[in-house]
Amino acid sequence: MTDQVTRINVGASAGHDAYDVLVGRQLLGELGSLIGTKAQRVAVIHPEALASTGEALRDDLAAQGYEAVAIQVPNAEEAKTVEVAAYCWKALGQSGFTRTDVIVGVGGGATTDLAGFVAATWLRGVRWIAVPTTVLAMVDAAVGGKTGINTAEGKNLVGSFHPPAGVLCDLAALDSLPVNDYVSGLAEIIKAGFITDPVILDLIEEDPQAARTPAGPHTAELIVRSIQVKADVVSSDLKEAGLREILNYGHTLAHAIEKNERYKWRHGAAVSVGMVFAAELGRLAGRLDDATADRHKAVLASVGLPLTYRGDQWPKLLETMKLDKKSRGDLLRFIVLDGLGKPTVLEGPDPAVLFAAFGEVAA
């Protein structure tokens with residue numbers, strides 16, 4: 001795939017309009033047309049690490065005639081708190097933000113989660129545009145309309161379904177991404193391969209080293225395929241009533257690990273361990289064949305993602321998983337595979353089976 005612009009449509013659902021995800025290079029020229037003529041003010045929410053990007057965007061929008069403000073927030077998960085959201089609300093109030101104005105969230109997944117949540121809650125919902133700058137944000141956080149913040153009790157427990165008006169995935173942003181952050185994002189891409197699109201796995205296995213860098217030959221295709229998987233799922237199930245649950249493959253344990261590490265672990269690293277656990281759970285439940293279960297470890301390890309977590313933490317992880325938003329009452333639910341590309345729900349597995357599956361990742 002060359003650097004042409006690929007347009008992926010996320011269909012209208014649950015009273016929300018359809019929108020496009022654009023993948024390519026030099027896409028910021030598209031921002032004005034997405035913001036539209038009704039908006040007078042634009043707020044650019046950006047992390048501290050992207051201060052120069054945020055200011056440049058604000059200047060560019062001001063030159064186009066908008067009243068543009070830049071709102072700087074903390075980096076990564078530290079932005080996803082009610083205090084930071086309140087700071088953003090205050091900035092919007094002070095700049096006279098109305099229902100026709102637009103928020104632009106530029107940064108990683110935590111920033112777009114926060115920007116979307118602020119947009120969902122200001123005046124009960126204003127339009128927003130996601131400009132994700134990491135692999136993880138492009139293939140996961142910026143698509144699908146899930147917005148949210150964290151609380152002391154867990155990740156993303158407060159939030160809203162509020163899809164963006166558009167998403168601009170400018171691949172040039174990935175060129176300067178640190179390798180660990182880039183590789184972390186590959187976990188969500190690999191997840192999409194296991195649950196729906198095995199071609200993704202073939203492309204990575206063809207040259208794992210090339211997959212670890214944005215300069216690799218398949219970068220655009222891997223990102224487009226992953227976004228397409230998510231777009232197809234959320235178009236038919238925005239509010240996670242059924243099919244959308246498959247996107248949580250590997251995430252039940254991953255979110256527990258993240259909380260246990262006070263969000264110091266990268267999301268993709270936790271998802272990688274979570275997928276190895278889910279694969280073993282599927283195998284032990286008699287759902288998944290050995291070859292596909294083993295392939296998880298091989299593919300994840302080949303790009304340098306972790307496969308293990310501290311074995312002594314199981315009691316804490318189990319307690320956290322019971323609070324997971326996929327749980328129903330006291331019933332733990334996991335997404336497992338019936339085979340490659342065949343995700344399904346496993347409800348209330350035997351505690352002994354859970355513990356045995358954790359043995360596969362326990363270090």
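Please refer to the structure placed before this passage.
Residues numbered from 1 in each chain as written. Predicted model: local features only at pLDDT ≥ 70, side-chain atom pairs only at ≥ 80, totals over all residues. Heavy atoms only, no water.

K.L.:
Which residues make up the overall build of the protein, and what are the values?
P.N.:
When its secondary structure is counted, the protein shows 14 helices and 11 strands. Its C-alpha atoms put the protein at 60 × 45 × 35 Å along the principal axes. Among the 363 residues that make up the protein, the fraction classed as buried is 55%. Within the protein, contacts between residues at least 6 apart in sequence are counted, and of these 74% link residues at least 24 apart. Of note, the protein has its 34 positive side-chain charges centred 5 Å away from the centre of its 44 negative side-chain charges. (Helix = DSSP H or I, 4+ residues; strand = E, 2+ residues; numbered from the N terminus. Buried < 20%, exposed > 50% of the residue type's maximum accessible area, 1.4 Å probe, protein only. Contact = heavy atoms within 4.5 Å. Lys, Arg positive; Asp, Glu negative; His and termini not counted. Charge placed at Lys NZ, Arg CZ, Asp CG, Glu CD.)

K.L.:
Pulling in residues and values, what's your account of the nonpolar core?
P.N.:
In terms of nonpolar packing, the biggest core is built from 96 residues, with Val21, Ile103, Leu114, Ile190, Leu253 and Phe277 touching the most fellow members. With near-sequence residues (within four places) excluded, Ile190 lies in contact with Leu201, Ile204, Met275, Val299, Leu300, Val303 and Leu305. Formed by 17 residues, the second largest nonpolar core is a distinct cluster that contains Tyr66, Val106, Val131 and Leu168. (Core = buried A, V, L, I, M, F, W, Y, C linked by side-chain atoms within 4.5 Å.)

K.L.:
Just give me the short version of the pattern of salt bridges, but keep the residues and values in it.
P.N.:
Applying the stated criterion across every chain, the model contains 23 salt bridges. In this structure, the salt-bridge partner of Arg41 is Asp101, at a minimum N-O distance of 3.0 Å. Remark: Asp101 occurs in the loop between α3 (82-94) and β5 (102-107) and Arg41 occurs in strand β3 (residues 41-47); sequence separation between them is 60 residues. Judged by its relative accessible area of 0%, Asp101 falls in the buried class. (Salt bridge = Lys/Arg side-chain N within 4 Å of Asp/Glu carboxyl O.)

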